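So you can see what is in the structure, the chains are spelled out below.
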Amino acid sequence: MTEPKRVLLGILLATGVGWLLLVWMPLRKLGPASAADGGAPFGRAVIGGKVYAANGCASCHTQVVRPPNLGSDIARGWGARRTLPTEYREEHLVPLGVLRLGPDLANVGERRTEPYWYYRLLYDPRTIYPGTLMPSYRYLFARVPLLGTPLPDSLSLSGRDAPPLGFQVVPGPKARGLVAYLLSLKRVPPGETGKTP
Ligand code: HEC
């Protein structure tokens, strides 16, 4: 074998073995993640994750439950146990958050299960939390004509917020994705309790 061929074979072997040991084997071990076992969000919720990132939700909300010796997250009901690094697997945008002006959302889908509640919150957070810092995300909603009966998730708004006669306010595709994402946030798999590994 000539010198250049030997060098080439060496490079191929070194990268190939490295890839097998560092990429292929660990990935096989992790296996596929599904939302049912607390894994990565999928479908509409994936789009919602991008809406979450694009709207700066992570500038006020974290998604990490600290262990009991590092804070009162568990006592506040933000999760039955601390979050683990494996719970973020397969997520391309990991919104750990930079500041906590609002509650931690790592398990918000576990404690708030009603989509309509989220739509109300996003449309006007002050109807739920008077005087809150959380901004309104009205631009994620659409005003559409009211033809006969209102659509199932049309918002019931009154006073200044009420749409003109013959119209209704419904969540747009981004609001629907965002709420699907928030509902999927159950990083501690159901049935798992206060175990701190
Ligand atoms: C300027 C800071 C700020 C931003 C930005 C913000 N929030 Fe909030 N959020 C809050 C605060 C503060 C609360 C708690 C309400 C209160 O007590 O005032 C809250 C409450 C919530 C809750 C209820 C949590 C619970 O435990 O009940 C959800 C869900 C939520 N926010 C989602 C979002 C989403 C989604 C976005 C982005 C579209 C967002 N927030 C952007 C400050 C913020």
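Chains are numbered independently. Their residues run from 1 in the order of the written sequence. In keeping with the predicted nature of the model, local features appear solely for residues at pLDDT of at least 70, side-chain atom pairs appear and are counted solely at 80 or more, and the whole-chain, interface and lining totals rest on all residues. To obtain the side-chain values, all non-hydrogen atoms of the structure were included, while hydrogens and water were left out.

Enquirer: How would you explain the overall build of the protein if you had to name every residue and give the values?
Expert: By the criteria applied, helices consist of DSSP H or I runs no shorter than four residues and strands consist of E runs no shorter than two, each listed in order from the N terminus. The helix and strand tally for the protein stands at five helices and two strands. Order of helices (α) and strands (β) in the protein, N terminus to C terminus: α-α-α-α-β-β-α. Each residue gets one of three labels from its accessible area relative to the maximum for its type: buried under 20%, exposed over 50%, partly exposed in between, using a 1.4 Å probe on protein chains only. The proportion of buried residues among the 197 residues of the protein is 34%. The contact rule is simple, with two residues in contact once any of their heavy atoms fall within 4.5 Å. Nonlocal contacts in the protein, meaning residues at least 24 apart in sequence, comprise 66% of its contacts between residues at least 6 apart. Only the protein chains shown count as cover for residues, with accessible areas throughout obtained via the Shrake-Rupley method and a probe of 1.4 Å. For the protein, the exposed area adds up to about 12200 Å²; of that, 65% sits on carbon and sulfur atoms.

Enquirer: With reference to specific residues and values, describe the side chain of N55.
Expert: The topology assignment puts N55 in the loop between helix 2 (44-54) and helix 3 (108-111). You can call N55 buried: its relative accessible area is 19%. Here N55 is in contact with Y137, Y139 and L140, once residues within four sequence places are set aside.

Enquirer: Can you break down the packing of aromatic side chains residue by residue, with the values?
Expert: Only the six-membered ring of Trp is used, alongside the rings of Phe and Tyr, when aromatic pairs are assigned; centres must lie within 6.5 Å, and planes under 30 degrees apart are stacked while those over 60 apart are edge-to-face, with the rest tilted. For the structure on display, the rule yields five aromatic pairs. Between W117 and Y118, the aromatic rings sit 5.4 Å apart at their centres with planes inclined by 85 degrees, giving edge-to-face as the arrangement. A ring pair is formed by Y123 and F141, whose centres lie 5.2 Å apart and whose planes are at 85 degrees; its orientation type is edge-to-face. Pair noted here: Y123 is in helix 4 (residues 115-123) and F141 is in strand 1 (residues 141-145), with a separation of 18 residues, a long-range link. Y123 gets classed as buried once you look at its relative accessible area, which sits at 7%. Classification of F141 by relative accessible area gives buried; the value is 10%. One aromatic cluster in this structure is built from Y119, Y123 and F141.

Enquirer: Tell me what's going on with the site of the ligand, and back it up with residues and numbers.
Expert: To be near a molecule or strand, a residue needs just one of its heavy atoms within 4 Å of it. Near the ligand lie 21 residues; those nearest to it are C57, C60, H61, T132 and M134. In protein, a polar contact means a hydrogen-donor-capable atom and an acceptor-capable atom, both N or O and within 3.5 Å, with residues adjacent in sequence counting only if both atoms are side-chain atoms; elsewhere, any N or O pair within 3.5 Å suffices. A distance of 2.8 Å separates a nitrogen atom of the ligand from a polar side-chain atom of H61. In this structure, R111 approaches the ligand through a side-chain N or O atom, which is 3.0 Å from an oxygen atom. Contributing elements (two or more residues each) for the shell around the ligand: helix 4 and helix 5 (173-183). In terms of residue count, the dominant contributor to the shell around the ligand is helix 4 (three residues).

Enquirer: Provide a residue-level description of the coordination of the iron atom of the ligand, including the pertinent values.
Expert: Note that water is not among the atoms considered, so a metal site may appear incomplete; the donors listed are N, O and S atoms within 2.8 Å of the metal, with 3.2 Å applied to Na, K and Ca. For the iron atom of the ligand, the protein coordination sphere consists of H61 (NE2) and M134 (SD), at 2.0 to 2.3 Å. Coordination at the iron atom of the ligand is octahedral: its six donor atoms span angles of 86 to 178 degrees at the metal. Highlighted residues: H61 in the loop between helix 2 and helix 3 and M134 in the loop between helix 4 and strand 1, separated in sequence by 73 residues. Here H61 falls in the buried class, since its relative accessible area comes to 12%. Note on geometry labels: four donors, all angles 85 to 135 degrees, give tetrahedral; four donors become square planar and six octahedral when opposite donors are over 155 degrees apart and every other angle is between 65 and 115; remaining cases are irregular.

Enquirer: Account for the nonpolar core, naming residues and giving values.
Expert: Put simply, buried Ala, Val, Leu, Ile, Met, Phe, Trp, Tyr and Cys residues joined by side-chain atoms within 4.5 Å make one nonpolar core. With 23 residues, the main nonpolar core has Y52, L140, F141, L155, L178 and L182 as its most contacted residues. Those elements giving two or more residues to this core turn out to be helix 2, helix 4 and helix 5. A per-element tally of this core places helix 5 first, with five residues.

Enquirer: Give me the pattern of salt bridges: which residues, what numbers.
Expert: Criterion for a salt bridge: a side-chain nitrogen of Lys or Arg within 4 Å of a carboxyl oxygen of Asp or Glu. A full pass over the atoms with the stated rule returns nine salt bridges. Close ionic contact of E87 with R81 constitutes a salt bridge, the shortest N to O distance being 2.8 Å. Here the two residues E87 and R81 agree in accessibility, since each one is buried. Salt-bridge contacts for D124 lead to R138; the nearest nitrogen and oxygen are separated by 3.6 Å. Of this pair, D124 sits in the loop between helix 4 and strand 1 while R138 sits in the loop between helix 4 and strand 1, and the two are 14 residues apart along the sequence. Taken together, the shared-partner salt bridges connect R66, D73, R100 and D104 into one network.

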